[in-house]
Amino acid sequence: MTIRPEMSLAQRKRQLVSDELTEAALNLLALKGFDAVTVDEIVTAAGVSKRTFFRYFASKEDVVVQFLTEMGAGMRAELAGRPAEELLSVALRHTIWISIDACAGHADRALRVVQLILGTPALLARFLERQAQWRDELAAEVARRLGLDPATDLYPQLAAGMALVAFNAVLRRWSDSGGAEDPAALIDRAFAVIAPTLDTVA
């Protein structure tokens, strides 16, 4: 993770420790499986104490949740930055692609992490829980973009939900193929299905 220049020295130190723990945990979890890895193994790999681990994370699940939180923040920022005149289907396709591309760009580890999440019931539950938050955030951005009221209009939630269904379908297919399928082509195929509905209703 890139350290932002405006961070204080203390914030940079915290970020570096968090990154070390995340890297060590995700590598171990992806390599050995969720149930086989202990917090003791994670802290040994990261070179920190167990006490330090629990200052940053409440559990092994929370390491993965942080990984997912950053993914969701990237999607919200991408949608907010898309040109106002762009079709919503195009804007949402780019929004979903930004996260898929981040995974594909680190394919070896990311594929193992995605397979770990999809194959571990506890992590899959947290993943879907986190996506409910992403859907609300994306819906708020869709509503802002189209001048709709997210409290009364169903369209923003439905549009965000369709985009995330496409995201899940692509992740699942990419994971099941062992990384062999091209994520960009999968995204294009998924949005070819949902784009007409997104743009007609919008």
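Criteria and cut-off values
- Residues numbered from 1 in each chain as written.
- Predicted model: local features only at pLDDT ≥ 70, side-chain atom pairs only at ≥ 80, totals over all residues.
- Heavy atoms only, no water.
- Helix = DSSP H or I, 4+ residues; strand = E, 2+ residues; numbered from the N terminus.
- Rg over C-alpha atoms; globule rule 2.2 N^0.38 Å.
- Buried < 20%, exposed > 50% of the residue type's maximum accessible area, 1.4 Å probe, protein only.
- Contact = heavy atoms within 4.5 Å.
- Areas by Shrake-Rupley, 256 points an atom, 1.4 Å probe, with all protein chains shown as cover.
- Lys, Arg positive; Asp, Glu negative; His and termini not counted.
- Charge placed at Lys NZ, Arg CZ, Asp CG, Glu CD.
- Phe/Tyr/Trp six-rings, centres within 6.5 Å; stacked < 30°, edge-to-face > 60°.
- Polar contact = N/O pair within 3.5 Å; in protein donor to acceptor, adjacent residues only side chain to side chain.
- Core = buried A, V, L, I, M, F, W, Y, C linked by side-chain atoms within 4.5 Å.
- Salt bridge = Lys/Arg side-chain N within 4 Å of Asp/Glu carboxyl O.
- Axes fitted to C-alpha atoms, helices over the stretch in contact; angles between N-to-C directions.
- Parallel < 35°, antiparallel > 145°, perpendicular 65-115°, else oblique.
- Left-handed = near helix turned anticlockwise from the far one by under 90°.
- Nonpolar A, V, L, I, M, F, W, Y, C, P; charged D, E, K, R; others polar.
- pLDDT = per-residue confidence, 0-100.

Quick notes on the overall build of the protein
Across its full length, the protein holds 9 helices and 0 strands. In the protein, the order of α-helices and β-strands from amino to carboxyl end is α-α-α-α-α-α-α-α-α. For the protein, the C-alpha radius of gyration of 18 Å lies close to 17 Å, the compact-globule estimate for 202 residues. In terms of overall dimensions, the protein has C-alpha extents of about 55 × 40 × 30 Å along its principal axes. Of all 202 residues assigned to the protein, the portion counted as buried reaches 42%. In the protein, the share of contacts with a sequence separation of at least 24, taken over all contacts with a separation of at least 6, comes to 66%. In the form shown here, the protein has an accessible surface area of approximately 10400 Å², with 56% of it arising from carbon and sulfur atoms. If you average the places of the 22 positive and of the 26 negative side-chain charges in the protein, the two averages end up 6 Å apart.

Re the packing of aromatic side chains
Applying the stated criterion across every chain yields a total of 5 aromatic pairs. Taking the centre distance of 5.2 Å and the plane angle of 90 degrees together, the rings of Phe 53 and Phe 54 count as edge-to-face. Measuring from ring centre to ring centre gives 5.6 Å for Phe 53 and Phe 57, while their planes differ by 45 degrees; the resulting arrangement is tilted. Accessibility expressed as a relative area gives 0% for Phe 53, which makes it buried. By relative accessible area, which is 3% here, Phe 57 ends up buried. Through pairs of rings, three or more aromatic residues link up here, namely Phe 53, Phe 54 and Phe 57.

A closer look at the side chain of Ser 89
In this structure, Ser 89 sits in helix H5 (residues 88-105). The exposure class assigned to Ser 89 is buried, which follows from its relative accessible area of 7%. Within the structure, the side chain of Ser 89 is placed 2.6 Å from the side chain of Asp 199, a separation counted as a polar contact. Setting aside chain neighbours within four positions, we find Ser 89 in contact with Phe 191, Ala 195, Leu 198 and Asp 199.

A word on the nonpolar core
Ranked by internal contacts, the top residues of the largest apolar core, which has 56 residues, are Phe 53, Leu 92, Ile 96, Phe 167 and Phe 191. No other element matches the 10 residues that helix H8 (residues 155-176) contributes to this core. Those residues in contact with Phe 167, other than ones at most four positions away along the chain, are Met 71, Ile 96, Ser 99, Ile 100, Phe 127, Gln 131 and Trp 134.

Regarding the pattern of salt bridges
Tallied over the entire structure, the rule returns 11 salt bridges. The shortest N-O distance in the salt bridge between Arg 82 and Glu 78 comes to 3.1 Å. Across the pair Arg 126 and Glu 129 runs a salt bridge whose closest N-O atoms are separated by 3.8 Å. Of this pair, Arg 126 and Glu 129 both sit in helix H7 (residues 121-146), 3 residues apart, which is roughly one turn of that helix. Accessibility expressed as a relative area gives 23% for Arg 126, which makes it partly exposed.

Observations regarding the side chain of Thr 95
Following the sequence through the fold, Thr 95 ends up in helix H5. The exposure class assigned to Thr 95 is buried, which follows from its relative accessible area of 0%. Apart from residues no more than four positions distant in its own chain, Thr 95 is found in contact with Met 75, Glu 78, Leu 79 and Leu 138.

A few points about the packing of helix H1 (residues 9-32) against helix H2 (residues 39-46)
In contact at an axis separation of 9 Å, H1 and H2 are set at 125 degrees when each is read in the N-to-C sense. One element, H1, and the other, H2, form an angle in the oblique class. Both H1 and H2 take part in a crossing whose hand is right-handed. Contact with H1, carried on its side by Glu 20, Leu 21, Ala 24, Ala 25, Leu 28 and Lys 32, involves Glu 41, Ile 42, Ala 45 and Ala 46 of H2 and no other residues of that element. For the contact of H1 with H2, the residue count by class is 7 nonpolar, no polar and 3 charged.

Some thoughts on the confidence of the model for the protein
With 93% of its residues at a pLDDT of 70 or more, the protein shows a mean pLDDT of 87. Across the protein, the element-wise mean pLDDT spans from 79 in helix H6 (residues 107-119) up to 94 in H8.

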